[in-house]
Amino acid sequence: MTAATVAAGQAPGEGSERARAAAIQVGLFLAVLCALWALWEAFKWFGEETGFRLGAFEVNDRTLPHVHDIVSTLFEPSRRNGPLLIDILLDAALFTAKEAAAGFLLGAAFGFFIAVALAHSSLLQRGFLPYIVGSQTIPILAVAPMVVVWVNPKLPPGFRDWGAVAVIAAFLTFFPVAINTLRGLKSADPRALELMRSYAGSTWSVLWKVRVPASLPYLFAALKVSATACVVGAIIGELPASIQDGLGGAILNFNQYYSSAPTRLWATNLVAAALGISFYLAIAGVEKLVVRKAPEHVA
């Protein structure tokens, strides 16, 4: 074992094993991507050859474009002598990412503090949990216009419009965080809780030294769900807020020209999906760092 390996705290061969695991993951991702592309093209070929119909849905270049046509559209001008479509969509994705990130942080913090309050009071849990659950039965399309009307006038000038969209994204974020974190906080080992009580540990100490570390797997499971939900909430929220700079405005715009240029709407959906995946991967990366350094994983 070399000095550099000892200093890094790694066993011999651990680096190569990690590289091999990463290569396997990348290969698996590419294999699944190719399989999905092949399945898409096979279904399109079958539908066109057999005249397959599913209700009003008919397989053709308008309803189901080729994957390579969708991708190539990204690198075509968005209009005559205009910028490439990929440049327009990346700018829109960055704008939506700002709204989604703000909503994610706001909703995650709100959901975490709700879970902490409910975990320490069974009375609050019985009183408020049904209303928290009931809030998610309201369609987001019905909530979004009301949030824009209520919140926008109260925001500072620099936060108007996109700030209201962030609140809509937070509405979809807080629920999974609150429910999963509450479950995680209550999953702490009773023996550890009893030990903390025997040492006269304060409620604050018990929370941060026992309950929160025990809740990390539940918390990050919720954050990964919320990472994609906040992007959906931001895109939906841009419509009643009349924001044209984000992906919601791009989807609405290209939807009007779907009959003549369907690949542009599909390309916009592809960028929106990539944005949601990037949010998910970011949370998954943070999870590996945080959970690995949690007390129960440190030798």
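Overview of the structure. A quick note: this is a predicted structure, and the numbers were derived from the prediction, not measured. (Residues numbered from 1 in each chain as written. Predicted model: local features only at pLDDT ≥ 70, side-chain atom pairs only at ≥ 80, totals over all residues. Heavy atoms only, no water.)

## Examining the overall build of the chain
Assigned secondary structure in the chain consists of 11 helices and two strands. The C-alpha extent of the chain, read off along each of the three principal axes, is 70 × 60 × 40 Å. Looking at the chain residue by residue over its 299 residues, the buried ones come to 38%. Considering only intrachain contacts with a sequence separation of at least 6, the fraction spanning at least 24 residues in the chain is 69%. Counting every atom, the chain has about 17,500 Å² of accessible surface; 69% of that belongs to carbon and sulfur. Looking at charge distribution, the chain has the averaged site of its 22 positive side-chain charges lying 12 Å from that of its 19 negative ones. (Helix = DSSP H or I, 4+ residues; strand = E, 2+ residues; numbered from the N terminus. Buried < 20%, exposed > 50% of the residue type's maximum accessible area, 1.4 Å probe, protein only. Contact = heavy atoms within 4.5 Å. Areas by Shrake-Rupley, 256 points an atom, 1.4 Å probe, with all protein chains shown as cover. Lys, Arg positive; Asp, Glu negative; His and termini not counted. Charge placed at Lys NZ, Arg CZ, Asp CG, Glu CD.)

## A closer look at the nonpolar core
Side chains that are nonpolar tend, in soluble globular proteins, to be buried together. In this structure, Leu89, Leu223, Leu247 and Phe279 are the most contacted members of the largest nonpolar core, which totals 65 residues. Mapped by element, the contributors of at least two residues to this core are α4 (85-119), α6 (140-151), α7 (162-185), α9 (203-238), α10 (247-255) and α11 (262-292). Broken down by element, the residue count for this core peaks at 16 residues, all from α4. Setting aside anything within four residues of it in sequence, one finds Leu247 in contact with Leu89, Ala92, Ala93, Thr96, Ile235, Glu238, Thr268, Val271, Ala272 and Leu275. Counting five residues, the second-largest nonpolar core is a separate cluster that includes Ala188, Leu193, Met196 and Val210. (Core = buried A, V, L, I, M, F, W, Y, C linked by side-chain atoms within 4.5 Å.)

## Focus on the pattern of salt bridges
The full count for this structure, using the stated rule, is six salt bridges. Residue Lys224 is joined to Glu287 by a salt bridge in which the shortest nitrogen-to-oxygen separation is 3.0 Å. Taken together, the residues Lys224 in helix α9 and Glu287 in helix α11 connect sequence positions 63 residues apart. Each of the two residues, Lys224 as well as Glu287, counts as buried. Connected via shared salt-bridge partners are Lys44, Glu48 and Asp61. (Salt bridge = Lys/Arg side-chain N within 4 Å of Asp/Glu carboxyl O.)

## Regarding the environment of Ala100
Along the chain, the position of Ala100 falls in helix α4. For Ala100, a relative accessible area of 0% puts it in the buried group. For the pair Ala100 and Phe29, spaced 71 residues apart in sequence, the C-alpha to C-alpha distance is 25 Å. With residues near it in sequence (within four places) discarded, Ala100 still touches Ala169, Cys230, Val231, Ala234 and Phe279.

## Section: the side chain of Lys44
Along the polypeptide, Lys44 turns up in helix α2 (residues 14-50). Ignoring any residue separated from it by four or fewer positions in sequence, one finds Lys44 in contact with Val59, Asn60, Asp61, Leu64, Pro65 and His66.

## Thoughts on α9
An ideal rise of 1.5 Å per residue puts 52 Å on 36 residues; α9 reaches only 42 Å between its terminal C-alpha atoms. Of all the bends in α9, the largest measures some 50 degrees and sits at Leu216, one to four residues before the proline Pro217. (Expected span 1.5 Å × (residues − 1). Bend = angle between axes of the 7 residues up to and from the residue.)

From the geometry alone we can't say anything about function, so treat these as descriptive.
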